[in-house]
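For reference, the chains in residue letters:
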Amino acid sequence: MTKDSSLYAVQCRNLCRHYQQGEQTIMGLDNVNIDIQDGEFICLTGPSGSGKTTLLNHLGGLDTPNSGELSIAGQSLSNLTPSELSDLRLNNIGFVFQSYNLIPVLSAIENIEFILMMQGVGKQRRGQQALAMLNEVGLQGLEHRRPAELSGGQQQRVAVARAIVSQPALVLADEPTANLDSVTAEQLLALFQNLNKKLNTTFVIASHDPRVQNYATRLIRMQDGKIIEDSASE
Amino acid sequence: MNLTLSLAWRNVWRHKRRTWLTTSAMTLCNVVLIFMMSLQAGSYLSMINNTLSMFSGHLQVQHPQYLNDPKPRYAITNAIHIADTLRKQGINASTRGIGFALISSETRAKPMQVIGVEEQFEATVSNIPGTLRKGNYLTSDNPYGVVISELAATLLHADIGSELTLLGSGQDDSFAASILTVTGIYDSGMSDIDRNMIFIRLEDFQDIFSFGKSASQVVITSESIFDVESLAKRVDALIGKEQNLAVVEWNDLVPGLKQAIQSDMMSALFIYLVLIIVVVFSVLNNQLMAVLERQREYGILIALGVRPNKLLFLLLMETTILVMLGLIIGVTLGTAIVEYTANVGIAFEGMEEMNAKFNLPARIFPALHPLVILAGPLLVALGSILATLYPAFKLQRLSPLASRYKA
Amino acid sequence: MSAKLPMRTMLSLASRNLLRNKERSAIMAGSLTIAVAAMIFLIAMMRGMMGDMQTQTIKGLPGDIQIHHPTYRNDPDIEYHFSPTNEHLRSVLNSPLIRAWSERIKVNAMISSERANRGVEIIAFNPAQEGRDAYGNINLIDGQWLEQGSGIIVGKALLEKLETDLGKRVVLMTRALDGNTAEIGLPIIGVYRAEMRASEESQIYIALDKAQHWLGLDSYIHEIAIYVNDQQQLSTIQSQLQQARPDLEVMRWDELIPYLSTMLKTSDAMITVLIVIVFVTLSFGLVNTLVMAIFERTKEIGLMLALGLKPLQISLLIMSEMLVLLLCGLFLGDIIASSILYLLRDGIDLSQFADGLAMMGVSASLTPIFKLDDIILCNSIVILLGLASSLIPAWKASHLKPIEALYRD
Ligand SMILES: Nc1ncnc2c1ncn2[C@@H]1O[C@H](COP(=O)(O)OP(=O)(O)O)[C@@H](O)[C@H]1O
Ligand SMILES: [Mg+2]
């Protein structure tokens, strides 16, 4: 599989996802339509509970919509088997989750190597790549610590390193700067931007951090599961 | 319902699957223990009863030397008087003289044990008269009659009416000789008895073997194996004035029997113990998990001022509920299985031959006895509650802070 | 390209996960260890007991195979004898398949000392031909072994019953071949002890030539006892012997004592059933541990699924955790059982239960038999049961929905 970027355009058509909470029906996604081109750097913003995480989960093939169509590279996700979805995530998408990102029994470097190993990268090469990535996110010297021995911000950075180490075509990040001091946050965003420019990697970052909006090429604002503002369609 | 109890009950059901898995382990273990132990108890009881009721009886009054050295000279002089005294008290008793002789028919000869019995009472202490296959048992109007086994009849080429010559030595080392007529043929099914024993009237025995009025043993049977000890005391008291007499219980009369049971029991007990340990470990693990996952919660309770003792009590109560579940289900199922098999018996191919070797009937019937049923499950329960002391002890050492900050 | 999860990584993840809750894993591994060690020990003991029962039986018969006159076993009388002088039979008996054989006379008799008399079985054999096998399972404690034409060897127990002593004469009385009562006076030249008290009390040994002459049997005998080199060859040898002498009854030990093989089979089945029960009980605990481990790690499993691990790989990961736990428990259990069996290699003294064991045909010293096959079997049963019991939790784990698992609190 190549990473020819033109193949990774994302299309959402009338995406709806609702959750039953007792009597109440909560609209996680309410008729969402977006087109994402390769190489875009998107900031997904909106108040808490507006559906940002839900949308990211759908973009990553982790959740299935109740109605509507989602296709990546022209292929509808609803036609893929769970196993094919697994492969898609492993090889083409990098995730930074809002919480609980790391496997607790693996050290920082092993968490990163784990992804490379699953992709079949040789032992020596993946060690080097993982270490380089850790240095890049500013965690040199902490590579052998287990997640429980890292601060929230440090854990977040390991998660980011893991998401981008295999140079995926699409990176989905849920509040990646939430636990970071402003210097580190800037560094991380610069790193994202660098990748975006150099490798044409697509970024979709859910965040209400104004700094993220500064780096973004496109801003999508959500509320109650609806897209209420999309800078691309203006 | 009391608040602590209801809290314990709810805690037990916080992880339904875990609780059921642990309960299943306990139930399985309890059912197996109940069934196996009842089966064993059943086969031991029938082994004991079959063996004892055939010949030796539950108790015997003997000369003190006789047990170790069964010689004619160690006889009881007033045996019949003793037997009469016991019988007046409603105790089953009968007197026997035992001697040794070469028994010959016209064509064959075999050394055999000659038993002189009180023909009218022998059937109260032994099943052999009841196994008569041919002819009649000994009677007083038939002097010098003899009852032999089917096996002996074959080996001696003898039948009802055949004459057998007896050659041996009497009590005083005198020569003992007689001619006996076969009046009956028995088949006890026990090769030791069939191979070796022939029966004549005590009166004839005393005459042939120069026993005078003496005899070798007074055989006594009890209603049940569990009454033997008290019966022995009674007999002891009744014959108490007599010097030089010993009341011997069945385990000394047939020492192999008790030991065979004990050695069989040992290997079984070993397996039961392993089974119980395995289950107790399961319960321990269950409770340890419960304590570990609730550290934070316990921490809050302790911080609120609940005494650690109270938490310990709560945990023990949870364990008790858990083991009671296993106990109740296990005992119900186990009892049902035992109840069913106790009625129909258990048999498998080839068991008959094997069982005959140990004086067991062709089918084994498990014994339904509350003690046998409850012993295993109670041990499981007790072991589990004791094992819970370990997680409980950990709980005692919880400091409110440590538990609150632990993940 | 599918996710790759090498075995080594899987095992390393499994071990680390087990170490997360050290106490819980230790309890389960400990429980496994105890169960495995106990079961191996028990099997070795039972094997020892059964093997001993078989050996004692063969020694006591004696022989792996016996040849008799067809009527003799039902009516062991002096008249059911046969002549062993047959070329064909001799050639089979002297074939390399057969380790040893002996011709014997067996008759019942009365033995009398000055003070007492008892019924005994006289066993007469050719001391020159036979060696020690012919005596069955006895130890000479006083005096000497038989020689051609010499006296009589009796058991210690019989000696006591007869109130006589080594060197004293005793009188044997039985019916000779011609039907008349025959008597012979012989000196006691040896005293033996046997494992089985019953035989010590009832069997006496004299020389074949003496007995044949005394009883008028010429060169006739009652029994040939045969020891083979290889138990597997038993039936082959039996049929060869039968062909050589179609007029005689040739029987293997398991035909002579049918209850014994039933008993051996029954106890084998019994042990297997009990082992399975113990391990099924144990596997409830194992499943429980695994279920809890998965429950605690729902988020982590969700994360792995979200990162692209296949459900099957999650199942394998869970099962490898069980495998590591099993291997630890088994390893320790095997070591403990082997050490105990090594310490007990010279046998265990059970003389406390001697009479009862004799009743079952077992001697009072029990040597456990350590068979690699049994240990392999025991270990395989545990691994199979353990892995089988991990299937359901593993299947459940693999069917978790990644986001539901990931966001569960
Ligand atoms: N698994 C779920 N079950 C029920 N409600 C959910 C679930 N996931 C999300 N929601 C609801 O959907 C809405 C959108 O949530 P989310 O996408 O997490 O918002 P955000 O990430 O923007 O804060 C919220 O109201 C949330 O409560
Ligand atoms: Mg969110």
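Residues numbered from 1 in each chain as written. Chains lettered and ligands numbered in written order. Predicted model: local features only at pLDDT ≥ 70, side-chain atom pairs only at ≥ 80, totals over all residues. Heavy atoms only, no water.

1. Notes on the overall build of chain B
Consideration 1: When helices and strands are counted, chain B shows 16 helices and 10 strands.
Consideration 2: Scaling as 2.2 N^0.38, a compact globule of 407 residues should have a C-alpha radius of gyration of about 22 Å, whereas chain B reaches 31 Å, well beyond that.
Consideration 3: Overall size of chain B, expressed as C-alpha extent along the three principal axes, is 100 × 50 × 30 Å.
Consideration 4: Of all intrachain contacts in chain B linking residues separated by at least 6 positions in sequence, the fraction that spans at least 24 positions is 77%.
Consideration 5: A total accessible area of about 18,000 Å² is found for chain B, and carbon and sulfur atoms account for 59% of it.
Consideration 6: Charged side chains of chain B number 31 positive and 33 negative; the gap between the two group centres comes to 22 Å. (Helix = DSSP H or I, 4+ residues; strand = E, 2+ residues; numbered from the N terminus. Rg over C-alpha atoms; globule rule 2.2 N^0.38 Å. Contact = heavy atoms within 4.5 Å. Areas by Shrake-Rupley, 256 points an atom, 1.4 Å probe, with all protein chains shown as cover. Lys, Arg positive; Asp, Glu negative; His and termini not counted. Charge placed at Lys NZ, Arg CZ, Asp CG, Glu CD.)

2. A few points about helix H2 (residues 16–56) of chain B
All names here are of chain B.
Consideration 1: Here H2 is 41 residues long and its end C-alpha atoms lie 57 Å apart, about the 60 Å a rise of 1.5 Å per residue gives.
Consideration 2: For H2, the tally of buried residues reaches 31 of 41 residues, placing the bulk of the element in the interior.
Consideration 3: Gly57, located one to two residues past H2, shows a positive phi value of around 75°. (Expected span 1.5 Å × (residues − 1). Buried < 20%, exposed > 50% of the residue type's maximum accessible area, 1.4 Å probe, protein only.)

3. Focus: the site of ligand 1
Residues and elements named next belong to chain A.
Consideration 1: Close contacts around ligand 1 come from Tyr19, Gln21, Ile26, Gly28, Pro47, Ser48, Gly49, Ser50, Gly51, Lys52, Thr53 and Thr54, and that covers them all.
Consideration 2: Within the backbone of Lys52, a nitrogen or oxygen atom sits 2.9 Å from an oxygen atom of ligand 1.
Consideration 3: Relative to its unbound accessible area of 560 Å², ligand 1 is 66% covered by the protein chains.
Consideration 4: Elements represented by at least two residues in the shell around ligand 1 include exactly strand S1 (10–21), strand S2 (24–36) and helix H1 (52–59). (Near = heavy atom within 4 Å. Polar contact = N/O pair within 3.5 Å; in protein donor to acceptor, adjacent residues only side chain to side chain.)

4. Topic: the domain arrangement of chain B
Consideration 1: As far as domains go, chain B holds domain 1 (2–52 + 257–404) and domain 2 (59–221).
Consideration 2: On a C-alpha basis, the centres of domain 1 of chain B and domain 2 of chain B stand 52 Å from each other. (Domains from an automatic or database assignment.)

5. Observations regarding the pattern of salt bridges
Residues and elements named next belong to chain B.
Consideration 1: Taken as a whole and judged by the stated rule, the model has 35 salt bridges over all chains.
Consideration 2: One salt bridge connects Arg87 with Asp84, and the closest N-O pair in it is separated by 3.0 Å. Here the residue Arg87 and the residue Asp84 both occupy positions in helix H3 (residues 79–88), the gap between them amounting to three residues, near one helical turn.
Consideration 3: Assessed through its relative accessible area of 16%, Arg87 is described here as buried. (Salt bridge = Lys/Arg side-chain N within 4 Å of Asp/Glu carboxyl O.)

6. Comments concerning the arrangement of the chains
Consideration 1: For the two pairs of chains in contact, the maximum contact count is reached by chains B and C.
Consideration 2: Of all C-alpha pairs spanning chain A and chain B, none lies closer than 10 Å, and the two are not in contact.

7. Observations regarding the coordination of the magnesium ion (ligand 2)
Residue and element names in this part refer to chain A.
Consideration 1: Those protein atoms acting as donors to the magnesium ion (ligand 2) are Thr53 (OG1) and Gln98 (OE1), and they sit at 2.1 to 2.5 Å. Of this pair, Thr53 sits in helix H1 while Gln98 is found in the loop between strand S6 (93–96) and helix H3 (108–118), placing the two residues 45 residues apart along the sequence.
Consideration 2: Judged by relative accessible area, which is 38%, Gln98 ranks as partly exposed. (Donors = N, O, S within 2.8 Å, 3.2 Å for Na, K, Ca; no water.)

8. Side note on the interface of chain B and chain C
Consideration 1: With 64 residues of chain B in contact, the opposing surface of chain C contributes 61 residues.
Consideration 2: Taking both partners together, chain B and chain C bury about 5,400 Å²; carbon and sulfur atoms supply 70% of that area.
Consideration 3: Its largest share of buried area at the contact with chain C, chain B owes to Leu21, Arg108 and Ile271 of chain B, together 10% of the area lost on that side.
Consideration 4: There are one salt bridge connecting chain B and chain C.
Consideration 5: The partner of Arg73 of chain B in a salt bridge is Glu163 of chain C, with the nearest N and O atoms 3.2 Å apart. (Buried area = accessible area lost by both parts, 1.4 Å probe.)

9. Side note on the nonpolar core
Consideration 1: Within the largest apolar cluster, 138 residues are counted, with the highest numbers of intra-cluster contacts made by Leu55, Leu59, Phe114, Met118 and Val204 of chain A together with Phe279 of chain C.
Consideration 2: Here this core gets 17 residues from one element, more than from any other, and that element is helix H2 (residues 22–60) of chain C.
Consideration 3: Those residues in contact with Leu59 of chain A, other than ones at most four positions away along the chain, are Val10, Cys12, Ile36, Leu70, Ile72, Ile93, Leu172 and Val204 of chain A.
Consideration 4: Counting residues in hydrophobic clusters, the runner-up holds 61 residues, among them Met50, Ile122, Ile206 and Leu217 of chain C. (Core = buried A, V, L, I, M, F, W, Y, C linked by side-chain atoms within 4.5 Å.)

10. So, the sheet that holds strand S3 (residues 41–45) of chain A
Residue and element names in this part refer to chain A.
Consideration 1: Strand order in the open sheet formed by six strands is S6-S7-S8-S3-S9-S10, and the pairing between neighbours is mixed. Where the open sheet ends on each side, the last strands, each with one partner, are S6 and strand S10 (226–230). Sheet twist, expressed as the average angle between the axes of neighbouring strands with direction ignored, equals 20°.
Consideration 2: Here strand S9 (residues 218–223) pairs with S10 via four bridges, running antiparallel. (Pairing = 2+ DSSP bridges. Axes fitted to C-alpha atoms, helices over the stretch in contact; angles between N-to-C directions.)

11. Some points on the interface of chain A and chain C
Consideration 1: If you look at the interface, chain A gives 31 residues, while chain C gives 26 residues.
Consideration 2: When the two sides are added together, the surface that chain A and chain C hide from each other amounts to roughly 2,600 Å², 65% of it contributed by carbon and sulfur.
Consideration 3: Of all residues in chain A, the largest losses of buried area upon contact with chain C belong to Tyr100, Val105 and Met118 of chain A, amounting jointly to 24% of the total for that side.
Consideration 4: Counting across the interface, chain A meets chain C through two salt bridges.

12. Description of the environment of Gln154 of chain A
Residue and element names in this part refer to chain A.
Consideration 1: With respect to the helices and strands, the residue Gln154 is situated in helix H5 (residues 152–165).
Consideration 2: The spacing of Gln154 and Leu180 is 26 residues in sequence and 8.2 Å in space, taken between C-alpha atoms.
Consideration 3: Sequence-distant contacts of Gln154, defined by excluding residues within four places in its chain, comprise Leu139 and Leu142.
Consideration 4: At a separation of 2.8 Å, a polar atom in the side chain of Gln154 contacts the main-chain amide nitrogen of Ser151.

13. Observations regarding the packing of helix H10 (residues 255–293) of chain B against helix H14 (residues 370–387) of chain B
Residues and elements named next belong to chain B.
Consideration 1: The geometry of H10 relative to H14 is characterised by a closest axis approach of 9 Å and an angle of 40° between their N-to-C directions. One finds that H10 runs oblique with respect to H14. Here H10 runs over H14; the crossing is right-handed. Listed contacts from H14 to Ile276, Val279, Val280, Val283 and Leu284 of H10 are Leu379, Val380, Gly383, Ser384 and Ala387.
Consideration 2: Of the residues contributing to the contact of H10 with H14, the split by class is eight nonpolar, two polar and no charged. (Parallel < 35°, antiparallel > 145°, perpendicular 65-115°, else oblique. Left-handed = near helix turned anticlockwise from the far one by under 90°. Nonpolar A, V, L, I, M, F, W, Y, C, P; charged D, E, K, R; others polar.)

14. Here's the deal with the sheet that holds strand S5 (residues 75–76) of chain A
Residue and element names in this part refer to chain A.
Consideration 1: The strand order across the open sheet built from four strands is S2-S1-S4-S5, with neighbouring strands paired in antiparallel fashion. The open sheet has two edge strands, S2 and S5, and neither has a second partner.
Consideration 2: In this sheet, S5 lies alongside strand S4 (residues 67–72) in antiparallel orientation, the contact comprising two bridges. Looking at the pairing, Ser71 lines up with Ser76 of S5.

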